[in-house]
There are 2 protein chains.
Amino acid sequence: MYSIGMDVGGTNSVFGLVSREGKVVCRDAVKTRDYPVFADFVSAVSERVKALAAQVGGMSQVEGFGIGAPNGNYYHGTIEYAPNLAWRGVVPVAEEFGKALGVPVTVTNDANAAALGEKRYGVAQDLDHFIMITLGTGVGSGIIIDGHLLYGANGMAGELGHVTVKRDGRLCGCGRRGCLETYCSATGIVRTAREHLATDEPSLLRNLNADDITSKDLYDAAMQGDKMALDIFNETGTILGTALADFATFCDPQAFVLFGGLMKSGDLIYKPTLAAMQANIMPVFSKTKLLVSTIDDGDAAVLGASALGWKE
Amino acid sequence: MYSIGMDVGGTNSVFGLVSREGKVVCRDAVKTRDYPVFADFVSAVSERVKALAAQVGGMSQVEGFGIGAPNGNYYHGTIEYAPNLAWRGVVPVAEEFGKALGVPVTVTNDANAAALGEKRYGVAQDLDHFIMITLGTGVGSGIIIDGHLLYGANGMAGELGHVTVKRDGRLCGCGRRGCLETYCSATGIVRTAREHLATDEPSLLRNLNADDITSKDLYDAAMQGDKMALDIFNETGTILGTALADFATFCDPQAFVLFGGLMKSGDLIYKPTLAAMQANIMPVFSKTKLLVSTIDDGDAAVLGASALGWKE
């Protein structure tokens with residue numbers, strides 16, 4: 001049997017058939033923006049999903065369909081008021097895909113899907129208590145407690161990217177100030193770089209247009225020993241690790257699992273994060289591990305979503 | 001049937017028989033410090049518990065025995081390394097009382113017991129997702145998710161009194177700096193008062209010996225309109241409410257429930273806490289309520305512990 005996973009993004013929606021062992025057997029994608037009407041999106045995706053399923057014996061071989069999407073609501077099976085998608089208001093995703101494909105459909109947000117993927121296929125397979133932290137354009141989180149995803153009263157639990165790490169700090173997209181994601185996302189670290197570039201300190205980064213700098217540029221400069229770039233990674237990791245130390249007080253996790261674009265910088269970000277976490281964590285939580293996802297970046301979103309498709 | 005609840009404190013251990021409706025039918029207490037040997041404590045308490053049970057038909061009328069204790073570990077049924085108790089190391093509380101009384105014995109820490117009490121008998125009876133915050137000598141918390149207490153990997157979940165609210169802030173008993181409880185406990189608010197008294201500002205509080213000031217003194221002064229005392233409550237509530245706003249991102253709770261000595265100050269602490277929570281919470285969590293425990297202070301600890309004694 002197979003599960004289908006789909007990652008709905010503002011630009012692309014990628015989907016694939018996944019085996020029980022966590023192998024993406026085949027995959028396809030559509031451009032999300034080509035379908036401003038949701039019903040058209042359902043038709044296009046369903047047709048292609050059926051074509052994928054035909055390669056393994058048809059939809060009878062599919063146990064379920066898991067969808068990870070921005071503002072995905074697990075309780076309602078909907079995408080609700082997603083600012084980066086064309087579909088307005090509350091979109092009945094599970095209902096429509098269920099009708100089109102005849103399999104159970106489950107929806108959740110991207111970071112929750114990542115946590116489920118890590119639990120089923122990744123480094124967290126033996127963990128029943130962990131917090132997944134996704135360091136991408138923003139900072140997301142998915143919290144696993146007693147082996148299950150924490151959804152909370154309204155399905156919105158795990159918005160740890162919006163914990164305040166600096167009172168009256170940087171303005172966040174959520175309208176508040178000083179949120180973790182304004183410092184420790186791929187975009188946050190670039191904001192830090194721009195602040196450093198506003199000083200007189202010399203740096204290889206000055207050879208680049210400040211408006212176009214990416215976290216990849218910071219990585220390249222740091223690998224060449226650029227002090228400013230190294231400082232930027234150290235500051236970012238220190239903020240992240242200090243925040244993780246506080247997060248442990250909430251649910252006494254066995255581990256944090258880090259994933260996302262920023263983790264491509266490897267030890268440059270991992271080491272200062274670990275050091276700050278260990279320096280700031282309460283002694284009683286000192287056994288908490290800091291792990292890095294081992295799931296291949298290209299497969300992670302589809303795998304995570306597919307984890308929702310299996311019957312428990 | 002009845003449940004027995006016991007609150008083990010550094011000075012007194014109070015226990016009582018509780019009816020299903022949450023009435024403390026009868027109660028008794030021993031001085032904890034009179035029993036430096038744990039076995040003697042078990043004998044003394046068990047004898048008195050049996051005497052209480054005799055009033056309702058004997059131990060056959062008792063469904064279970066719940067114990068709230070500092071450093072109480074639910075998973076192990078133990079008290080572990082409690083700094084304020086004479087019993088050293090790991091104390092097999094559930095095992096010893098189980099042998100002495102012949103009923104199931106369950107152990108947890110004080111704040112968790114308070115959360116269970118509020119869920120079974122208090123303002124949280126209809127809530128399945130809430131965070132209990134106890135504002136006493138320290139700040140404790142008990143987190144209810146999907147109707148059940150959150151214990152975490154090692155039974156230590158819910159140490160929200162040790163979330164950092166001020167980087168490099170006040171030294172905490174846990175060895176770290178800036179923990180919530182160094183500002184928002186009954187002792188924390190007194191530290192704030194001492195800081196204010198180190199200025200030149202006039203205040204009724206100057207009529208008192210600064211070393212002996214209590215939160216009750218601050219209440220009395222504030223009720224007489226003393227500006228310094230009012231400022232102290234406002235600052236304390238602002239720190240607490242701002243922290244609660246962040247806590248909502250973890251588990252998307254329906255409510256926070258406040259309890260403990262500091263809440264005797266009523267609106268003086270409640271109003272600034274609510275204002276700061278509402279001003280700082282993410283819009284998606286804006287429905288989260290701020291409730292105050294309605295359980296009588298004298299009964300709360302016994303009631304909370306007794307909630308553990310019922311079979312589910």
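This text goes with the structure placed above it.
Being a predicted model, the structure only gives us computed values, none of them experimental. Position labels on residues start from 1 in each chain and follow its written sequence. Chains carry letters from A onward and ligands carry numbers from 1 onward, assigned in written order. Selection of residues for local features in this predicted model requires a pLDDT of at least 70, selection of side-chain atom pairs for listing and counting requires 80 or more, and totals for whole chains, interfaces and linings are taken over all residues. Values shown for side chains rest on all heavy atoms present in the structure; no hydrogens or waters enter the calculation.

So, the sheet that holds strand β3 (residues 24-31) of chain A
Residue and element names in this part refer to chain A.
Move 1: With mixed pairing, five strands are arranged side by side in an open sheet as β3-β2-β1-β4-β8. One side of each edge strand has no neighbouring strand; the edge strands of this open sheet are β3 and β8 (105-108). In this sheet, adjacent strand axes meet at a mean angle of 15° when their direction is disregarded.
Move 2: The criterion for strand pairing is that DSSP finds at least two bridges linking the strands in question. Numbering of helices and strands runs from the N terminus; a helix is a DSSP stretch of H or I covering at least four residues, while a strand is a stretch of E covering at least two. Across seven bridges, strand β1 (residues 2-8) lies against strand β2 (residues 12-19) in antiparallel orientation. Paired with Gly-5 across the strands is Gly-16, a residue of β2.
Move 3: Whether two residues are in contact is decided by their heavy atoms, any of which lying within 4.5 Å being enough. To obtain an axis, a line is fitted to C-alpha atoms, over the contacting stretch when the element is a helix, and the angle between two such axes runs from 0 to 180 degrees between their N-to-C directions. Here helix α3 (residues 110-121) sits on the sheet and contacts β2, β4 (62-68) and β8; the angle it forms with β8, its principal contact strand, is near 115°.
Move 4: Contacting β1, β2, β3 and β4, helix α9 (residues 297-307) crosses the sheet at an angle of about 120° to β1.

A word on helix α7 (residues 227-251) of chain B
Residue and element names in this part refer to chain B.
Move 1: By this rule the span expected of a helix is its residue count minus one, scaled by 1.5 Å. The terminal C-alpha atoms of α7, which comprises 25 residues, lie 37 Å apart, in line with the 36 Å expected from a rise of 1.5 Å per residue.
Move 2: In terms of burial, α7 is largely enclosed, as 18 of its 25 residues are buried.
Move 3: Note on α7: the residue one or two positions beyond its end, Asp-252, has a positive phi of about 50°. For every residue, the accessible area (1.4 Å probe, protein chains only) is compared with the maximum for its type, and the residue is labelled buried under 20%, exposed over 50%, or partly exposed between those bounds.

Digging into the packing of aromatic side chains
All names here are of chain A.
Move 1: Note on ring pairs: Phe, Tyr and Trp rings are taken, using the six-membered ring of Trp, and paired if centres are within 6.5 Å. Classes follow the plane angle, with under 30 degrees stacked, over 60 edge-to-face and the rest tilted. This model, assessed by the stated rule, comprises 22 aromatic pairs over all chains.
Move 2: Ring centres of Phe-38 and Phe-97 lie 6.2 Å apart, and the angle between their planes is 85°; on these two criteria the pair is classed as edge-to-face. Of this pair, Phe-38 sits in helix α1 (residues 38-54) while Phe-97 sits in helix α2 (residues 93-101), and the two are 59 residues apart along the sequence. Considered together, Phe-38 and Phe-97 belong to a single accessibility category, that of buried residues.

What about the relation of the copies chain A and chain B?
Move 1: Under the fitted operation, chain A is carried onto chain B by 0.0 Å of movement along the axis and a turn of 180°, and the coordinates agree to an RMSD of 0.0 Å. The operation mapping one copy onto its partner corresponds to a two-fold rotation axis. Among all C-alpha atoms of chain A, that of Phe-250 of chain A lies closest to the rotation axis, at 3.9 Å.
Move 2: Here 97% of the interface residues in chain A have copies in chain B that are interface residues too; the copies meet face to matching face. Residues reaching a pLDDT of at least 70 in both copies supply the C-alpha atoms on which the copies are superposed by least squares.

Topic: the interface of chain A and chain B
Move 1: Between chain A and chain B, the contact holds 38 residues from the first and 38 residues from the second.
Move 2: Surface buried jointly by chain A and chain B totals about 2,900 Å² across both partners, of which 60% is contributed by carbon and sulfur atoms.
Move 3: The shortest N-O distance in the salt bridge between Asp-246 of chain A and Arg-176 of chain B comes to 3.4 Å.
Move 4: By the criterion applied in these results, polar contacts are pairs of N or O atoms within 3.5 Å in which, for protein atoms, one can donate a hydrogen and the other can accept it, and in which residues neighboring in sequence qualify only through two side-chain atoms. Our enumeration of links across chain A and chain B arrives at 20 residue pairs in polar contact (both at pLDDT 80 or more).
Move 5: Put simply, the parts of the chain that give the side of chain A that touches chain B at least two residues each are β10 (139-145) and α7 (227-251) of chain A.
Move 6: The leading source of residues in the side of chain A that touches chain B is α7 of chain A, at six residues.
Move 7: Three classes are used: nonpolar for Ala, Val, Leu, Ile, Met, Phe, Trp, Tyr, Cys and Pro, charged for Asp, Glu, Lys and Arg, and polar for all others, with Gly counted as polar. Tallied by class, residues from the side of chain A that touches chain B come to 20 nonpolar, eleven polar and seven charged. Two parts placed together each lose some accessible area under a 1.4 Å probe, and adding up what both lose gives the buried area. Salt bridges are defined as contacts in which a side-chain nitrogen from Lys or Arg sits within 4 Å of a carboxyl oxygen from Asp or Glu.

Notes on the packing of helix α5 (residues 186-197) of chain A against α7 of chain A
Residues and elements named next belong to chain A.
Move 1: Relative to each other, α5 and α7 sit at 135°, their axes nearing to 10 Å. For the element pair α5 / α7, the angle class is oblique. In terms of crossing hand, the pair formed by α5 and α7 is right-handed. Residues Ile-189, Thr-192, Ala-193, His-196 and Leu-197 of α5 form the contact with α7, whose participating residues are Met-228, Asp-231, Ile-232, Phe-233, Glu-235 and Thr-236.
Move 2: Taken together, the residues that form the contact of α5 with α7 break down as six nonpolar, three polar and two charged. Relative orientations are named as follows: roughly parallel for angles under 35 degrees, roughly antiparallel for angles over 145 degrees, roughly perpendicular for angles from 65 to 115 degrees, and oblique for any other angle. The hand of a helix crossing depends on one turn: near helix anticlockwise from the far one by less than a right angle means left-handed, and clockwise means right-handed.

Brief notes about helix α1 (residues 38-54) of chain B
Residues and elements named next belong to chain B.
Move 1: For α1, which comprises 17 residues, the first-to-last C-alpha distance of 24 Å matches the rise-based estimate of 24 Å (1.5 Å per residue) to within 8%.
Move 2: Of all the residues in α1, the buried ones are Phe-38, Phe-41, Val-42, Ala-44, Val-45, Ser-46, Val-49, Leu-52 and Ala-53.
Move 3: The secondary structure elements touched by the buried residues of α1 are β1 (2-8), β2 (12-19), β3 (24-31), β4 (62-68), β7 (90-91) and α2 (93-101).

A short note on the pattern of salt bridges
Residues and elements named next belong to chain A.
Move 1: This model, assessed by the stated rule, comprises 21 salt bridges over all chains.
Move 2: Residue Asp-28 is joined to Arg-48 by a salt bridge in which the shortest nitrogen-to-oxygen separation is 3.3 Å. Taken together, the residues Asp-28 in strand β3 and Arg-48 in helix α1 connect sequence positions 20 residues apart.
Move 3: Arg-48 sits in the partly exposed class, given a relative accessible area of 35%.
Move 4: We note a salt bridge from Asp-128 to Lys-119, for which the minimum N-O separation is 3.4 Å.
Move 5: The exposure class of Lys-119 is buried, given its relative accessible area of 19%.
Move 6: Several salt bridges share partner residues, and in doing so they unite Glu-95, Glu-96 and Lys-99 into one network.

Details of the packing of α7 of chain A against helix α8 (residues 267-280) of chain A
All names here are of chain A.
Move 1: The N-to-C vectors of α7 and α8 enclose an angle of 40°; their axes lie 7 Å apart at closest approach. On the basis of the axis angle, α7 is oblique to α8. Considering only the axes of α7 and α8, their crossing is right-handed. From α7, Leu-230, Phe-233, Asn-234, Thr-236, Gly-237, Thr-238, Leu-240, Gly-241, Thr-242, Leu-244 and Ala-245 reach across to α8, where they touch Leu-268, Ile-269, Pro-272, Thr-273, Ala-276, Met-277 and Asn-280.
Move 2: Across the contact of α7 with α8, the residue classes break down as ten nonpolar, eight polar and no charged.

Examining the environment of Asp-226 of chain B
All names here are of chain B.
Move 1: The residue Asp-226 is located in the loop between α6 (215-223) and α7 in this model.
Move 2: Residue class for Asp-226 comes out buried when judged on its relative accessible area of 8%.
Move 3: Taking C-alpha positions, Asp-226 is 6.4 Å from Leu-204, a pair spaced 22 residues apart along the chain.
Move 4: Each residue touching Asp-226, except ones within four places of it in the same chain, is listed here: Ser-203, Leu-204, Leu-205 and Ala-221.
Move 5: Within the structure, the side chain of Asp-226 is placed 3.0 Å from the backbone nitrogen of Ala-229, a separation counted as a polar contact.

As for the pairing of β1 of chain A
Residues and elements named next belong to chain A.
Move 1: With six of seven residues buried, β1 lies mostly within the body of the structure.
Move 2: Pairing analysis gives six bridges linking β1 to β4, with the strands arranged parallel. Residue Met-6 lies in a different strand from β4, and its bridge partner there is Ile-67.
Move 3: In this antiparallel pair of consecutive strands, β1 and β2, the connection spans three residues.

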